[in-house]
Amino acid sequence: MNIIKESLSRRTFLKAAALLGLISAIIPDMLLMPKKLFAAAESGRKAADPKNLTPEEAMHIPKVDIPLIAEDGSLVPIIVSVNHPMETDHYIKSIYILDDLSAIPSKGLYRFTPANGEAYISTRIKLAESTKVRAIAECNKHGKWEGSADIKVTVGGC
Amino acid sequence: MAIVETQKPKMRIPSDIKKGSIVEIKVKIEHPMESGLRKDRDTKKPIPKHTLEKMVVYYGGEQISEFELSPGLSENPLIGFKVKAAKSAPLKVSMTCSEGNKFEETVEIKVS
């Protein structure tokens, strides 16, 4: 009997030790969260399979049109559009553009109404380094959706 | 770069607009879009923040869009957006700057 009791307590001890190890392994990761995770605080639903969009995804996910390579990071043309009808009771409320690695991640918040006819914005942004540029579109009925595009920046412009 | 406080944004609209069509309007303004984070290369002094903060679009007196701009945009911003040309009416763009300047311009949209 004694032996069994001892082995049980040994087992619980090992379990507790393993759990403790797991927690201490996770916590430093959270403390040392990379900068880009902070920038990603704002996010939306992404495409489950970017090659085969469901009709709902194709309607909501913003298309980020940006060059593959930018030679001058201080002036990068970008077009973000959402292929969504702009009806009085169902439309895209806003598009938020941000990137992961610049000192100023926000590239503007653009609010629309059905009178716009299309959720579309074209502008020029500053990028510090090669990064992922993301756009978050908010539908008044179906919440936030996220689209992104990668870009290589040869000379940063922040 | 010094900006002219009384300047008007330049707006470009398509020449021939059909009623009900969706047209792209482009707005250009001269502005440094300074973030306040940069330092002058020679004097090492920080360059004060000076940026456009807001842009509001009115079509026929009604507000149709409100854009919150950020210094993450390039110097001399060029912003394009779309409007459904439902009626002949003035389209007004109003921008405000972090130093309190207001830049406004109106164009007439004539539908055929």
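Residues numbered from 1 in each chain as written. Chains lettered and ligands numbered in written order. Predicted model: local features only at pLDDT ≥ 70, side-chain atom pairs only at ≥ 80, totals over all residues. Heavy atoms only, no water.

(A) Seen up close, the sheet that holds strand S3 (residues 76-82) of chain A. Here we have six strands laid out as an open sheet, ordered S1(A)-S3(A)-S6(A)-S5(B)-S2(B)-S1(B), and antiparallel in their pairing. In the strand order of this sheet, the two ends are held by strand S1 (63-65) of chain A together with strand S1 (10-12) of chain B, each with one partner. Looking at each pair of strands side by side, their axes are set apart by 20 degrees on average, direction ignored. Bridge count between S1 of chain B and strand S2 (residues 22-28) of chain B: three bridges; the pairing is antiparallel. When the bridges of S2 of chain B are listed, Met-11 of chain B appears paired with Val-27 of chain B. (Pairing = 2+ DSSP bridges. Helix = DSSP H or I, 4+ residues; strand = E, 2+ residues; numbered from the N terminus. Axes fitted to C-alpha atoms, helices over the stretch in contact; angles between N-to-C directions.)

(B) Fine view of the pattern of salt bridges. Under the criterion given, the structure shown has 14 salt bridges over all chains. The shortest N-O distance in the salt bridge between Glu-138 of chain A and Lys-93 of chain A comes to 3.6 Å. Of this pair, Glu-138 of chain A sits in strand S7 (residues 131-139) while Lys-93 of chain A is found in strand S4 (residues 92-99), placing the two residues 45 residues apart along the sequence. On the basis of relative accessibility, which here comes to 23%, the residue Glu-138 of chain A falls in the partly exposed class. With its nearest N and O atoms 3.5 Å apart, the salt bridge here joins Arg-111 of chain A to Glu-66 of chain B. Of this pair, Arg-111 of chain A sits in strand S5 (residues 106-111) while Glu-66 of chain B sits in strand S4 (residues 62-68), placing the two residues on different chains. (Salt bridge = Lys/Arg side-chain N within 4 Å of Asp/Glu carboxyl O. Buried < 20%, exposed > 50% of the residue type's maximum accessible area, 1.4 Å probe, protein only.)

(C) Looking closely at the packing of aromatic side chains. Scanning all chains against the criterion turns up three aromatic pairs over all chains. A ring pair is formed by Phe-112 of chain A and Phe-67 of chain B, whose centres lie 5.8 Å apart and whose planes are at 65 degrees; its orientation type is edge-to-face. Here Phe-112 of chain A, found in the loop between S5 and strand S6 (119-125), pairs with Phe-67 of chain B, found in strand S4, and the two come from separate chains. We note that Phe-112 of chain A, like Phe-67 of chain B, is buried. Ring geometry for Phe-67 of chain B and Phe-81 of chain B: centres 5.8 Å apart, planes at 70 degrees, overall edge-to-face. Of this pair, Phe-67 of chain B sits in strand S4 while Phe-81 of chain B is found in strand S5 (residues 78-84), placing the two residues 14 residues apart along the sequence. The buried category is assigned to Phe-67 of chain B, whose relative accessible area is 0%. A relative accessible area of 0% places Phe-81 of chain B in the buried class. An aromatic cluster is defined as three or more aromatic residues linked by ring pairs; in this entry it consists of Tyr-110 and Phe-112 of chain A together with Phe-67 and Phe-81 of chain B. Here the guanidinium or amino end of Lys-82 of chain B rests over the ring plane of Tyr-120 of chain A, the centre of that ring lying 4.3 Å away. Between Lys-87 of chain B and the ring centre of Tyr-59 of chain B, over which it is positioned, the NZ or CZ distance is 5.3 Å. (Phe/Tyr/Trp six-rings, centres within 6.5 Å; stacked < 30°, edge-to-face > 60°. Lys NZ or Arg CZ within 6 Å of the ring centre and 35° of its normal.)

(D) Structural view of the interface of chain B and chain A. Taken together, the contact between chain B and chain A spans 30 residues of the former and 25 residues of the latter. For the pair chain B and chain A, the summed buried area comes to about 2200 Å², and 48% of that belongs to carbon and sulfur atoms. Ranking the residues of chain B by area buried against chain A places Glu-68, Ser-74 and Lys-82 of chain B at the top, with a combined share of 24%. Across the chain B-chain A interface, the total number found is three salt bridges. Arg-111 of chain A serves as the salt-bridge partner of Glu-68 of chain B, at 2.8 Å between the closest nitrogen and oxygen. Among the secondary structure elements, those contributing two or more residues to the side of chain B that touches chain A are S2, S4 and S5 of chain B. Take the side of chain B that touches chain A: its biggest share by element is seven residues, from S5 of chain B. (Contact = heavy atoms within 4.5 Å. Buried area = accessible area lost by both parts, 1.4 Å probe.)

Keep in mind these numbers describe shape, not what the thing actually does.
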